[in-house]
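The primary structure of each chain is shown beneath.
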Amino acid sequence: MTEIQDDVNEQSSLDTLRDVLINKSGDVKLANRFRALFFLKSIGEEFENKPDESSLALNYIGECFKDESELLKHEVAYVLGQTKNIKAAPILREVLINQEQQCMVRHEAAEALGALGDKESLELLEKYHNDENEMIEIRQTCELAIERIKWENSESSKTEKLQTSLYSSIDPAPPMALDDKQGEKIEKLKSILNDQDKSLFERYRAMFRLRDIGTDEACLALASGFDDPSALFKHEIAYVFGQLCNPVTVPSLIKILGNNKEAGMVRHEAAEALGSIATDEVLPILKSYLNDKDDVVRESAVVALDMYEYENSNEIEYAAI
Ligand SMILES: [Fe+2]
Ligand SMILES: [Fe+2]
């Protein structure tokens, strides 16, 4: 009886989370929808212990792709890729092929297929990678996803020694292996990072190696990547800065966020990174983007400030206990 009761409770809490995520009532704040997404993600990950609930959670997450918000949907795609649940792959493939979805959403869907290591998606990813009419951000993401899937299924992925990362994310490329001598000097990593003749995958491996080194010097080497022509590449640098939370990156993030000619994808990621760093100088800057013309930048500022307030109000509550 209790077990049945538990099942009923679990189902109703999943339904509640879905309702918040899809904004059923019409007045849910974006930041709360993000929170519901992360709860659903944690259930989507439990495919070994709770196969039924996890599948249901994935389907509920997938319902969100009908939404308008490019920001929320790109996060939805990202999250699906991080669940390690291969059942998310068909949902993501559908998003990638849907030309009506915005660029950041399709990009994140392709990247998520790479994160899942989904061999069945290789053909589709090759198709978009080779399609000259396709947006460059999509083509480059597919290139990385193909390389990541191949790497994950290769011998070297089993033998390479990688630093245990401080970060739990499954990244578009693994960090450069520890036994690779090129990774010993920051200068060398920086030159690989910015070498246009090397493959994007190799350059990303240098990027994640620099992240895992994580010193001020490594951060400044990463910031040199903001001069790259690729929006995709630059948005990944900003993403990594959001993980590192090192104040030394703040000036470069403020600069790129303030550049109106920069792609929304890059400016959004810079705003989010600044939101994670959240030093005193950063908050007024984020506030000044609350009316930005670019939806993804404006919404990133809204969510970042909301999360900041939420975390700090919780801290006060904890302190009071
Ligand atoms: Fe991305
Ligand atoms: Fe993003």
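Residues numbered from 1 in each chain as written. Chains lettered and ligands numbered in written order. Predicted model: local features only at pLDDT ≥ 70, side-chain atom pairs only at ≥ 80, totals over all residues. Heavy atoms only, no water.

A few points about the UniProt feature "binding site: Fe cation 1" (unreviewed entry) in the protein
UniProt's entry tags His74, Glu75, His107 and Glu108 with the feature "binding site: Fe cation 1" (unreviewed entry), counted in the numbering of this structure. Spanning 35 residues, the named residues form one tight spatial group whose C-alpha atoms are at most 10.8 Å apart. By the element assignment, His107 lies in helix H6 (residues 103-115). Beyond its immediate chain neighbours, meaning those up to four positions away, His107 contacts Ile138, Thr141, Leu232, His235 and Met265. Inspection of the secondary structure assignment puts Glu108 in helix H6. If we ignore the near neighbours within four places in the chain, the residues touching Glu108 are His74, Ala77, Tyr78 and His235. (UniProt positions renumbered as here; feature names shortened; annotations may be inferred. Helix = DSSP H or I, 4+ residues; strand = E, 2+ residues; numbered from the N terminus. Contact = heavy atoms within 4.5 Å.)

Quick word on the coordination of the iron ion (ligand 2)
Metal coordination angles in their ideal form are 109.5 degrees for the four-donor tetrahedron and 90 or 180 degrees for the six-donor octahedron. Taken together, His74 (NE2), His268 (NE2) and Glu269 (OE) make up the protein donors of the iron ion (ligand 2), found 2.2 Å from the metal. Coordination of the iron ion (ligand 2) draws on donor residues from a single chain, spaced H-x193-H-E in sequence. Between the two metal centres, the iron ion (ligand 2) and the iron ion (ligand 1), the spacing is 4.6 Å. One end of the pair, His74, is in helix H4 (residues 70-82); the other, Glu269, is in helix H15 (residues 264-277), and 195 residues separate them in sequence. Judged by relative accessible area, His74 falls into the buried class, the value being 3%. On the basis of relative accessibility, which here comes to 6%, the residue Glu269 falls in the buried class. (Donors = N, O, S within 2.8 Å, 3.2 Å for Na, K, Ca; no water. Buried < 20%, exposed > 50% of the residue type's maximum accessible area, 1.4 Å probe, protein only.)

Some words on the packing of helix H5 (residues 89-97) against H6
For the pair H5 and H6, the least separation of the axes is 8 Å and the interaxial angle reads 145°. Where H5 crosses over H6, the two elements pack in a sense that is left-handed. Facing Ala89, Leu92, Arg93, Val95 and Leu96 of H5, the residues of H6 in contact are Val105, Arg106, Ala109, Ala110, Ala112 and Leu113. Considering only residue class, the contact of H5 with H6 consists of nine nonpolar, no polar and two charged. (Axes fitted to C-alpha atoms, helices over the stretch in contact; angles between N-to-C directions. Left-handed = near helix turned anticlockwise from the far one by under 90°. Nonpolar A, V, L, I, M, F, W, Y, C, P; charged D, E, K, R; others polar.)

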